[in-house]
Amino acid sequence: QLQLVESGGGLVQPGGSLRLSCAASGFTLDYYAIGWFRQAPGKEREGVSCISSSDGSTYYADSVKGRFTISRDNAKNTVYLQMNSLKPEDTAVYYCAADPTGSAPLDPYEYDYWGQGTQVTVSS
C-alpha cells in the first residue's frame, strides 16, 4: 500500500527553524516528483516546494524562496523540507504529495498521493 507520512511539525518562534520529513512506504520516492504544500485555515492549499524525479530540479513558491530548502534522501526513501527564518504567515498544515508525471510542480491538482499533514505554528 502506497503511503506518505509527514513529521517534524510543531510550534516555533518567528525567525526559528524546522525540518519536515516525508517518508514513503509501498513505493520508491525517486520515481516521483515530490511536493510540499500547505493550507492555512480559510485558505486554499498552496504549493510550497517540489523536487523532480528526473534530475532533482527544485521549485519554490516566491513566498519561501531563500528560506526553505527541499532535499531527497533516496537511501531513506524520504524527502525533507528545511524551513528557516520562519514567519507567522508560514503557519499552516503542511502536506507532502507524490506525482508520477512531475508536469506541474506546484499545482496540487496534479498530485495523486498525499500524506496526512503536519501542523506548523509560528508564534511568539
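None of the values given here were measured: they were computed from a predicted structure. (Residues numbered from 1 in each chain as written. Predicted model: local features only at pLDDT ≥ 70, side-chain atom pairs only at ≥ 80, totals over all residues. Heavy atoms only, no water.)

Engineer: How should I be thinking about the pattern of salt bridges in this particular structure?
Structural biologist: Note that side chains of opposite charge can pair when their charged atoms are close. Scanning the model with the defined rule gives 4 salt bridges in all. Here Lys65 ties to Asp62 by a salt bridge, and the two come within 3.1 Å at their closest N and O atoms. Within the structure, one salt-bridge network assembled from shared partners comprises Arg38, Glu46, Arg67 and Asp90. (Salt bridge = Lys/Arg side-chain N within 4 Å of Asp/Glu carboxyl O.)

Engineer: Is there a simple way to explain the sheet that holds strand E8 (residues 78-83) in this structure?
Structural biologist: Within a beta sheet, neighbouring strands are joined by backbone hydrogen bonds and run either parallel or antiparallel to one another. Reading across the sheet, the 4 strands line up as E1-E3-E8-E7 and stay open at both edges, with antiparallel pairing between neighbours. Edge positions in the sheet fall to strand E1 (3-7) and strand E7 (68-73), since each has one partner strand and no second. Adjacent strand axes in the sheet meet at a mean angle of 15°, parallel and antiparallel pairs treated alike. Pairing of E1 with strand E3 (residues 18-25), which is carried by 5 bridges, proceeds in the antiparallel orientation. Bridge pairing in E3 links Leu4 to Ala24. (Pairing = 2+ DSSP bridges. Helix = DSSP H or I, 4+ residues; strand = E, 2+ residues; numbered from the N terminus. Axes fitted to C-alpha atoms, helices over the stretch in contact; angles between N-to-C directions.)

Engineer: What am I meant to see in the packing of aromatic side chains here?
Structural biologist: For any pair of aromatic rings, geometry is given as the distance between the ring centres together with the angle between the planes. Using the criterion set out here, one finds 7 aromatic pairs in the structure. With a centroid separation of 4.9 Å and 75° between ring planes, the pair formed by Phe27 and Tyr32 is classed as edge-to-face. Grouping aromatic residues by their ring pairs yields a cluster made of Phe37, Tyr95, Tyr111 and Trp114. Between Arg45 and the ring centre of Tyr95, over which it is positioned, the NZ or CZ distance is 3.9 Å. Above the plane of the ring of Trp114 lies Arg45, whose end atom (NZ or CZ) is 4.7 Å from the centre. (Phe/Tyr/Trp six-rings, centres within 6.5 Å; stacked < 30°, edge-to-face > 60°. Lys NZ or Arg CZ within 6 Å of the ring centre and 35° of its normal.)

Engineer: I would appreciate a short explanation of the nonpolar core in the present structure.
Structural biologist: General note: in soluble globular proteins, nonpolar side chains tend to be found buried as a group. By size, the foremost hydrophobic cluster in this structure holds 28 residues, and its most contacted members are Leu4, Trp36, Phe68, Val79, Leu81, Met83 and Tyr94. Every residue in contact with Leu81, bar those within four places of it in the chain, is listed here: Leu18, Arg19, Leu20, Trp36, Val48, Ser49, Phe68, Thr69, Ile70 and Tyr94. (Core = buried A, V, L, I, M, F, W, Y, C linked by side-chain atoms within 4.5 Å. Buried < 20%, exposed > 50% of the residue type's maximum accessible area, 1.4 Å probe, protein only. Contact = heavy atoms within 4.5 Å.)

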